[in-house]
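Secondary and tertiary structure notes
For reference, the chains in residue letters:
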Amino acid sequence: MRVLLVGAGGVGTAITRIAARRSFFEAMVVADYDPARAEAAVAALDDGRFGAERVDASDESAVAELLRRHSCDVLLNATDPRFVMPLFRAARSAGATYLDMAMSLSHPHPERPYAECGVRLGDDQFAQAEEWGKAGALALVGMGVEPGLSDVFARYAADELFDGIEEIGVRDGANLTVDGYDFAPSFSIWTTIEECLNPPVVYEAGRGWFTTEPFSEPEVFDFPEGIGPVECVNVEHEEVLLVPRWVDARRVTFKYGLGREFIETLKTLHLLGLDRTAPVTVPGSAGPVSVSPRDVVAACLPDPATLGERMQGKTCAGTWVRGVKDGAPREVYLYHVVDNQWSMTEYGSQAVVWQTAVNPVVALELLATGAWSGSGVLGPEAFPARPFLDLLTAYGSPWGMREQ
């Protein structure tokens, strides 16, 4: 397997550190708009299988040319969701398998944004599923931690733990702190703004997908391994759009443990228009400059990849499932916890980016060995869960299950 990894930020760099310990691939080309980032990621490994290139992720033809030049048969997208579609199309053009950790962007309903879906997450990709399937090509979408591992948990629950499922609810929480900062998100603020301020999507059998107000339906969820109770709220996320396509459940939700202060900060950004992506014109030393307000917010905050030494605590990603087994009610929480001290000591990557990065590497290995195979545009729950969960444990990062 020859892989083109596009994006050498926190998650992309963590991917290289995890993959360097595995032998399933022949080469990995690390490409980024900033060549220094790609070169730094490669230089830190001292592994001849890795090489660095510069590429603009929005330039389909340049990405396709890079895939062909290096004879890469897989494109792994580690950029933010703005670049999903050009990279998705570039992979199809070059005849490569495509894998991402977030799906194509949504657009709220123009008249009823908090009741009806407009363009949903992943709609632009699933619109091309028939084309990919006819070509015998595979796009594995949403294969990070959430979405990704959370979807694998949903498939595992359906296959091995339940006879019938009433509700699948992804629940994400942490007790992470960052020394020296009053506000320092542990993941891309661009992506966090996108998913938290868009109308959350809920799925119900008989009704289909619908939307609610941001931060709706707050609940306190007790997270394992010492994290404890965290208030979680509805957030737009890919699992709600993916799980019902392959797993039979009467209701699917996603709730994120954000905290009151974080929510109020996001609301303030929205109130001031600083969450917008459309450029505005501002004065500059050399004349007027066109900038995206959201990009300015991201530039003003610390890079999450650099916060590991200041972070303390654990992060938990998991899937809560309620249903029936052998005629009796059952409720479980399937989860994966990463301690920041462990991930920093073992890999030099902070917990949130490491937890995101390990899952696409596991998926790549399953594809390389043939344990996973398929064609079309498929989510993680389209594949058997047990091989993934066994290999994740073999990577030294076991998952857990708690009866509720």
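Before reading further, recall that the structure is shown in the block above.
Residues numbered from 1 in each chain as written. Predicted model: local features only at pLDDT ≥ 70, side-chain atom pairs only at ≥ 80, totals over all residues. Heavy atoms only, no water.

1. Some words on the side chain of H237
Summarising the element assignment, H237 is placed in the loop between β12 (228-234) and α9 (238-246). At 2.7 Å, the side chain of H237 forms a polar contact with the side chain of E239. Beyond its immediate stretch of four places on either side in the chain, H237 contacts L121, E146, P147, E195 and F254. (Helix = DSSP H or I, 4+ residues; strand = E, 2+ residues; numbered from the N terminus. Polar contact = N/O pair within 3.5 Å; in protein donor to acceptor, adjacent residues only side chain to side chain. Contact = heavy atoms within 4.5 Å.)

2. Here's the deal with the side chain of R251
Residue position: R251 is located in strand β13 (residues 251-256). Taking the relative accessible area as the measure of exposure, R251 reaches 19% and is therefore buried. Within the local environment of R251, its side chain forms a polar contact with the side chain of E167, the two groups lying 3.4 Å apart. Sequence-distant contacts of R251, defined by excluding residues within four places in its chain, comprise E166, E167, I168, V202, Y203, E204 and E217. (Buried < 20%, exposed > 50% of the residue type's maximum accessible area, 1.4 Å probe, protein only.)

3. What about the nonpolar core?
Membership of the largest hydrophobic core comes to 88 residues, with the highest contact counts inside it found for I15, M28, I168, L258, W372 and F388. Among the elements that make up this core, the one with the highest residue count is helix α13 (residues 351-369) (11 residues). If sequence neighbours within four positions are ignored, I15 has contacts with L5, M28, L76, A78, M101, A357, P360 and V361. Ranked by size, the runner-up nonpolar core spans 28 residues in total, among them V84, M85, A137 and V141. (Core = buried A, V, L, I, M, F, W, Y, C linked by side-chain atoms within 4.5 Å.)

4. What to know about a nonpolar patch on the surface
Side chains of L271, L272 and L274 sit close together on the surface and give an oily, nonpolar patch of about 320 Å² of accessible area. On the secondary structure map, L271 appears in helix α10 (residues 260-271). (Patch = residues over 30% accessible without salt bridge, like charges linked within 9 Å, V, L, I, M, F, W, Y side chains within 5 Å. Areas by Shrake-Rupley, 256 points an atom, 1.4 Å probe, with all protein chains shown as cover. Salt bridge = Lys/Arg side-chain N within 4 Å of Asp/Glu carboxyl O.)

5. Quick notes on α10
Between its first and last C-alpha, α10 extends 16 Å over 12 residues, near the 16 Å set by a 1.5 Å rise per residue. Listed as buried for α10 are F262, I263, L266 and L269. The buried residues of α10 occupy an angular sector of 120 degrees when projected down its axis, which confines them to one face. Seen from the open side of α10, the exposed residues pointing more than 90 degrees away from its buried face are E261 and L271. Tucked into the core, α10 has its buried residues touching α8 (189-197), β12 and α11 (293-300). One or two positions beyond α10, positive phi appears at G273, with a value near 80 degrees. (Expected span 1.5 Å × (residues − 1). Arc of directions from axis to C-beta.)

6. Regarding the sheet that holds strand β2 (residues 27-32)
Ordered in space as β3-β2-β1-β4-β5-β6-β19, the seven strands form an open sheet in which the pairing is parallel. Of all strands in the sheet, those bounded by a partner on one side alone are β3 (50-54) and β19 (376-378). Across the sheet, the axes of successive neighbouring strands diverge by a mean angle of 20 degrees, strand direction being ignored. Relative to strand β6 (residues 138-140), strand β5 (residues 97-100) is paired through two bridges, and the arrangement is parallel. Among the inter-strand pairings, L99 is bridged to a residue of β6, identified as L140. Helix α4 (residues 84-94) contacts β1 (2-6), β4 (74-77), β5, β6 and β19 of the sheet and is inclined by roughly 160 degrees relative to β5. (Pairing = 2+ DSSP bridges. Axes fitted to C-alpha atoms, helices over the stretch in contact; angles between N-to-C directions.)

Purely spatial values, then, with no claim about function.
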